[in-house]
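# Chains, contacts and geometry: an overview
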Amino acid sequence: MDNVLLNALLRPETIAVVGASSVPGKIGYTVLDNLIKCGYQGKIYPINPTATEILGLKVFPNIIEVPGKIDAAVITVPARLVPQVVEECGKKKVKGLIIITSGFAESGRRDLEEQIVETAHHYGMCILGPNIVGTLSNSDKLNASFAPFLPLNGKASLVTQSGALLIAIDAATYTRNVGFDKLISIGNMADVNIADLVIWLDEDPNTTCISLYIEGLKDGRQFIDAGLKAHKPIIALKSGVSAHGAAAAASHTGSLAGAAKVYGAAFQQAGVIQASDLSNLFDRTLALSLQPPMKGDNLIIITNGGGVGVLATDAAEKYGLPLKFAPEDVQTELKKYMPEFGSAKNPIDLTGQAGNEWYYDAVRYAIAQPWVDGMVVLYCETAMTNPTEIAHGIKKALNDSGITGKPVTVSFVGGEKSASAMTYLIKEGIPAYAAPDVAVNAMAALREYDNLRHMVSEAATPCAPSDQAAARAVIRRVREEGRNTLTEIEAKQVFSAYGLPITKTLLARTEAEAVKLAQKIGFPVVMKIVSPDILHKSDAGGVKVNIKDEASVHDAFRSILANARNYKAEASIHGIAIQEMAPWGTEVILGSVNDPTFGPTMMFGLGGIFVEVLKDVTFRVAPVSKGQAMRMLGEIRGAPILAGVRGESPRDREAMGNLLCNYSHMILELGDEIAESDANPVLVYEEGKGLKVVDARIILKKK
Ligand code: ADP
Ligand code: MG
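Residues numbered from 1 in each chain as written. Chains lettered and ligands numbered in written order. Predicted model: local features only at pLDDT ≥ 70, side-chain atom pairs only at ≥ 80, totals over all residues. Heavy atoms only, no water.

## Here's the deal with the pairing of strand β15 (residues 299–303)
Of all the 5 residues making up β15, 5 are buried; the element is thus mostly covered by neighbouring parts of the structure. Neither face of β15 is exposed, since L299, I301 and T303 on one face and I300 and I302 on the opposite face are all buried. Two strands pair when backbone bridges link them, and β15 and strand β16 (residues 348–349) are joined in this way by 2 bridges, in the parallel orientation. Opposite I302, over in β16, you have I348 as the bridge partner. (Buried < 20%, exposed > 50% of the residue type's maximum accessible area, 1.4 Å probe, protein only. Helix = DSSP H or I, 4+ residues; strand = E, 2+ residues; numbered from the N terminus. Pairing = 2+ DSSP bridges.)

## Notes on the sheet that holds strand β7 (residues 126–128)
Pairing is parallel across the open sheet formed by 5 strands, whose spatial order is β2-β1-β5-β6-β7. A single partner strand is all that each edge strand has here, and the edge strands are β2 (43–47) and β7. Going across the sheet, the axis of each strand differs from the next one's by a mean of 20 degrees, ignoring polarity. With 3 bridges connecting them, strand β6 (residues 96–99) and β7 associate as parallel partners. Residue pairing for β7: I98 is matched across the bridge by L128. Strand contacts of helix α3 (residues 82–91): β1 (14–18), β5 (72–75) and β6, with the helix running at about 170 degrees to β5, the strand carrying the most contacts. (Axes fitted to C-alpha atoms, helices over the stretch in contact; angles between N-to-C directions. Contact = heavy atoms within 4.5 Å.)

## Points about the environment of G690
By secondary structure assignment, the location of G690 is in the loop between β27 (674–684) and β28 (691–693). G690 sits in the buried class, given a relative accessible area of 16%. In the structure, G690 is positioned 287 residues away from I403 in sequence and 49 Å away in space, judged by C-alpha atoms. Discounting residues that sit within four places of it in the chain, G690 has contacts with D652, A655, V684 and Y685.

## Looking at the site of ligand 1
Taken together, 19 residues lie around ligand 1, and K528, K537, S538, Q579 and A582 are the ones closest in. Note that an oxygen atom of ligand 1 is positioned 2.7 Å from one of the side-chain N or O atoms of K528. N680 has a polar backbone atom sitting 3.4 Å from an oxygen atom of ligand 1. Relative to its unbound accessible area of 530 Å², ligand 1 is 85% covered by the protein chains. Elements with a contribution of two residues or more to the shell around ligand 1: β21 (525–530), β22 (543–547), β23 (575–580) and β27. (Near = heavy atom within 4 Å. Polar contact = N/O pair within 3.5 Å; in protein donor to acceptor, adjacent residues only side chain to side chain. Areas by Shrake-Rupley, 256 points an atom, 1.4 Å probe, with all protein chains shown as cover.)

## Focus: the pairing of β6
Neither face of β6 is left uncovered, since the one carrying G96 and I98 and the one carrying L97 and I99 both have all their residues buried. Here 4 bridges tie β5 to β6, and the two strands are oriented parallel to one another. Across the sheet, the residue bridging to A73 is L97, located in β6. Taking the sense of rotation as the criterion, the β-α-β connection linking β5, α3 and β6 turns out right-handed. Handedness of the crossover joining β6 and β7 through helix α4 (residues 110–122): right-handed. (Right-handed = clockwise from strand over helix to strand, strands pointing away.)

## Looking at the pattern of salt bridges
Applying the stated criterion across every chain, the model contains 34 salt bridges. We note a salt bridge from K537 to D695, for which the minimum N-O separation is 2.7 Å. Separated by 158 residues along the polypeptide, K537 in the loop between β21 and β22 and D695 in the loop between β28 and β29 (696–700) bring together distant segments of the chain. Taking relative accessible area as the criterion, D695 reaches 10% and is therefore assigned buried. Each of R11, D140, D181, K182 and D204 takes part in salt bridges that share partners, so that together they form one network. (Salt bridge = Lys/Arg side-chain N within 4 Å of Asp/Glu carboxyl O.)

## Quick look at the coordination of the magnesium ion (ligand 2)
Coordination of the magnesium ion (ligand 2) by the protein is provided by N680 (O) and D695 (OD), with metal-donor distances spanning 2.2 Å. Taken as a pair, N680 in strand β27 and D695 in the loop between β28 and β29 lie far apart in primary sequence, 15 residues in all. (Donors = N, O, S within 2.8 Å, 3.2 Å for Na, K, Ca; no water.)

## Here's the deal with the nonpolar core
The biggest cluster of nonpolar side chains holds 83 residues, and the ones touching the most others in it are I302, L334, Y359, M375 and F412. The biggest single contributor to this core is helix α16 (residues 436–455), with 10 residues. Ignoring anything within four residues of it in the chain, the contact list for F412 reads Y379, P387, I390, A391, I394, S418, A421, M422, L425, Y433 and A434. If you look at the next biggest cluster of nonpolar residues, it comprises 59 residues, including V31, I100, A144 and I210. (Core = buried A, V, L, I, M, F, W, Y, C linked by side-chain atoms within 4.5 Å.)

## With respect to the sheet that holds β22
The antiparallel open sheet is built from 4 strands, whose spatial order is β20-β23-β21-β22. Two strands bound the open sheet, and with one partner strand each, they are β20 (505–508) and β22. Along the sheet, successive strands turn relative to each other by an average axial angle of 25 degrees, direction set aside. Note that β21 and β23 share 6 bridges and pair antiparallel. For V526, the partnering residue across the bridge sits in β23 and is Q579. Across the sheet, helix α18 (residues 488–497) is in contact with β20, β21 and β23; its angle to β20 comes to roughly 150 degrees. Running over the sheet, helix α19 (residues 511–521) touches β20, β21 and β23 and is turned about 165 degrees from β20.

## A short note on the packing of aromatic side chains
Counted by the stated rule, this structure contains 10 aromatic pairs. One Lys or Arg, K58, reaches over the ring of F60 and ends 4.8 Å from the middle of that ring. Across from the ring centre of Y449, 5.4 Å away, lies the NZ or CZ of R453, which sits over that ring. (Phe/Tyr/Trp six-rings, centres within 6.5 Å; stacked < 30°, edge-to-face > 60°. Lys NZ or Arg CZ within 6 Å of the ring centre and 35° of its normal.)

## A short note on unusual backbone geometry
Note the cis peptide between G129 and P130, where omega equals 0 degrees. Following the sequence through the fold, P130 ends up in the loop between β7 and β8 (134–137). Between N346 and the following residue, P347, the backbone shows a cis peptide bond with an omega angle of 5 degrees. As for its position among the elements, P347 is in the loop between α12 (328–335) and β16.

## Re the confidence of the model for the protein chain
Taken as a whole, the protein chain shows an average pLDDT of 94; of its residues, 97% reach a score of 70 or greater. A low-confidence stretch, residues 244–250 stays under pLDDT 50, and its non-local contacts, those more than four residues away or across chains, total 13 contacts. (pLDDT = per-residue confidence, 0-100.)

## Brief notes about the environment of V593
Mapping V593 onto the fold places it in strand β24 (residues 586–595). Along the chain, V593 and F149 lie 444 residues apart, while their C-alpha atoms are 45 Å from each other.

## Looking at a nonpolar patch on the surface
On the surface, a cluster of nonpolar side chains totalling about 300 Å² of accessible area is made up of I609, V613 and L614. Take I609: it is sitting in helix α21 (residues 609–612). The class of I609 is exposed, set by a relative accessible area of 57%. (Patch = residues over 30% accessible without salt bridge, like charges linked within 9 Å, V, L, I, M, F, W, Y side chains within 5 Å.)

## Remarks on the packing of helix α1 (residues 3–10) against helix α6 (residues 194–203)
The geometry of a pair of packed helices is captured by two quantities: the angle between their axes and the separation between those axes. Running from amino to carboxyl end, α1 crosses α6 at an angle of 80 degrees, the nearest separation of the two axes being 11 Å. Taken as axis vectors, α1 and α6 run roughly perpendicular relative to one another. Mapping the contact onto sequence places N3, L6, N7 and L10 in α1 and D196, L197, W200 and E203 in α6. The residue makeup of the contact of α1 with α6, split by class, is 4 nonpolar, 2 polar and 2 charged. (Parallel < 35°, antiparallel > 145°, perpendicular 65-115°, else oblique. Nonpolar A, V, L, I, M, F, W, Y, C, P; charged D, E, K, R; others polar.)

Encoded structure:
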């Protein structure tokens, strides 16, 4: 999306209100009133065919009759009139349309929505909405919405898919003391989408943090790209994490790939920090909009109370920043700023006697220590000390230290005095919270931001060369036979074309051939039914392992065929696969789905009961870098099993990293063909000994 267009849309120099009304209570009245009341400095043109003057402004019967240029038009007329208005705006060379009106795709009128987008594009305009509250900007004193006032002034900007939430958040900015520059309602996203606004806000001089409330993205990959390109922290709250995915639950991976996991993976890959709930979105946004990223893991906590110190310590562990003891020399110095019974280990407990001077000394010294990467300052209101003075002491200490690149968050626990001291701190750019765990969580967001910035800079390149043409040739043959499921043999050919290590597998059509092939592969062998109609071979009695001699091949051949016919009489049977018997190893599973939002998405987990019962799996949108692949291995709860526990040697993580990386490239490159796939199980051996994919499955998209 063109930034010039978005500038005109969101920071217009002139604005028209189409459907302006003189009747208080009507949206066409409220928007006009808000524009005037909130101090918009540009020209405002009310448009209404019957009125002559509203709220002291000259009214034009039609937008075309307005003299001079119009950057943006807010449209509030009923849905059925919108197409004509859009046409007129086009003729007037308006650049951006803020379509508040509802009654489009959200209520079954996708056709009407498509029509207005088409007209808008025809004239080179963009559309925000439809079905929105509007857009607000403190720095432009622009309230082009029906939300009653501009938000508390701040440095974050919010994009929300829920209009109702925008109005609520607008009001809550004052009670929660979290300021925003812009609040943008994005509604149906018929044209301008979240990715466009992320890119635009990344360039906006008045925004330092991009905050998102997301119900569902339309183009997940475009969003990931926008996130990757952004230079500012982005934080997202995703709602509706429970229903999604169930629809495509034909496969194991499908049923496990709920929105929470896939969106979570995508956010991480896009470098987007997550909020756990609305309150957390406010809290983290505040810190991210005011403080620099935390560039290392060493967190120091300064407190005047043991209780809040312990609460913060617990939170630090919970949110991934476990406390370490401060180095000896730091402890020795800090000891000077506290009574004998204080503690300089970390948390630094200045004790309840600590007044603003002690806080000043401790904060000023500690923030300047190279060991310290971030600081949480806690204060418990006491009878003897004054919260306002303490707040001033902290602020002065930070100023006097001259340190600006390390983040600080604060929590004052107490009553009104503490609350007003925190208001002061926030105004001074120091995020302050009513509870110690919240201050720590906000710090954790600043740490996550730094980690994500580093992660997203890795490029994803395949680890092994691939032969896409060979893979496509296999798929073409399957298509020619009118099938959309590959047999294990075919799936393994595709896997193998992408460098995935598979067990050697040959197809026997007759018993005699089976014996010959078993001898060729070498005993022991595994024999399996090969039928595109039998996806779960064991369920059909179609797998026999550890076949040691010729006689057993004969037996197995007959019983597998009999079992398969019994299981599904009409199944088309290609024959019996004779395959090398892989030595026993740790079972892991790989899977892929074609996510409706993000496209080819992969899953990794431990196999067997771990996946069945514990659902211990992790996801990534394809492709993944080797680094991301290695991180996936560490993300599952069963990670210690791969690392080697109780005398077991560690598994070949290097081989697994390559496997994941190559698999991700396979599902991406063949994304136009593959609907779902899995490798279940993959047997993984000791370090240096590699792994083997012993079962492979690919289901093609319906065409
Ligand atoms: P399905 O999942 O369709 O029932 P599999 O091919 O996964 O069939 O086989 C079932 C089980 O048999 C696997 O989980 C694995 O334990 C074992 N197995 C299959 N193939 C081999 C092989 N080549 N080497 C060793 N074990 C195997
Ligand atoms: Mg299997």
